[in-house]
Amino acid sequence: MAHFAQLDANNIVTEVIVVNNAVIDDLSFPESEPIGVEFCQSLYGADTVWKQTSYNGNFRGVYAGIGYSYDPILDVFVPPVIKPANGDLNNG
């Protein structure tokens, strides 16, 4: 199975979906990505933005989750920073 993350205008992941390998012709990343993106756009609209993500973290750093950001320069997904309730990042 291949996994694709939908990005909003700020490159924040809003959804992650699973695409059957038959849809991407059993190709591996990166050859599978344009086929999967086209499939996702056929379901969610041509104006949506999708990036393939690796469940095993084999590419793009980590598996994308909702709220993660995508860094187009480094071509990686970045987990969100969770601030403690007191706002102090050093002493949780």
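Above this note sits the structure.
Bear in mind the structure is a predicted one, so any value in this text is a computation, not a measurement.

Draft legend 1. Summary view of the nonpolar core. Listed in full, the eight residues of the largest apolar core are Ala2, Phe4, Ile17, Val19, Ile24, Val37, Cys40 and Trp50. Of all the secondary structure elements, the ones that give two or more residues to this core are strand 1 (2-7), strand 2 (13-19) and helix 1 (32-44). The residues touching Trp50, leaving out its near neighbours within four places in the chain, are Phe4, Ala5, Gln6, Glu15, Ile17, Val37, Cys40, Gln41 and Tyr44. Val13, Ala64, Tyr70 and Phe77 belong to the second-largest nonpolar core, a separate cluster that totals six residues.

Draft legend 2. Broad picture of the sheet that holds strand 2. Read from one edge of the open sheet, three strands run 2-1-3, paired in antiparallel fashion. Looking along the sheet, the strands with just one partner apiece sit at the ends: strand 2 and strand 3 (49-53). Geometrically, the sheet is characterised by an average inter-axis angle of 30° between neighbouring strands, direction not taken into account. Bridge count between strand 1 and strand 2: six bridges; the pairing is antiparallel. Residue Ala5 lies in a different strand from strand 2, and its bridge partner there is Val16. Lying on the sheet, helix 1 is in contact with strand 1, strand 2 and strand 3; it crosses strand 3 at an angle near 135°.

Conventions and cut-offs
Residues numbered from 1 in each chain as written. Predicted model: local features only at pLDDT ≥ 70, side-chain atom pairs only at ≥ 80, totals over all residues. Heavy atoms only, no water. Core = buried A, V, L, I, M, F, W, Y, C linked by side-chain atoms within 4.5 Å. Buried < 20%, exposed > 50% of the residue type's maximum accessible area, 1.4 Å probe, protein only. Helix = DSSP H or I, 4+ residues; strand = E, 2+ residues; numbered from the N terminus. Contact = heavy atoms within 4.5 Å. Pairing = 2+ DSSP bridges. Axes fitted to C-alpha atoms, helices over the stretch in contact; angles between N-to-C directions.

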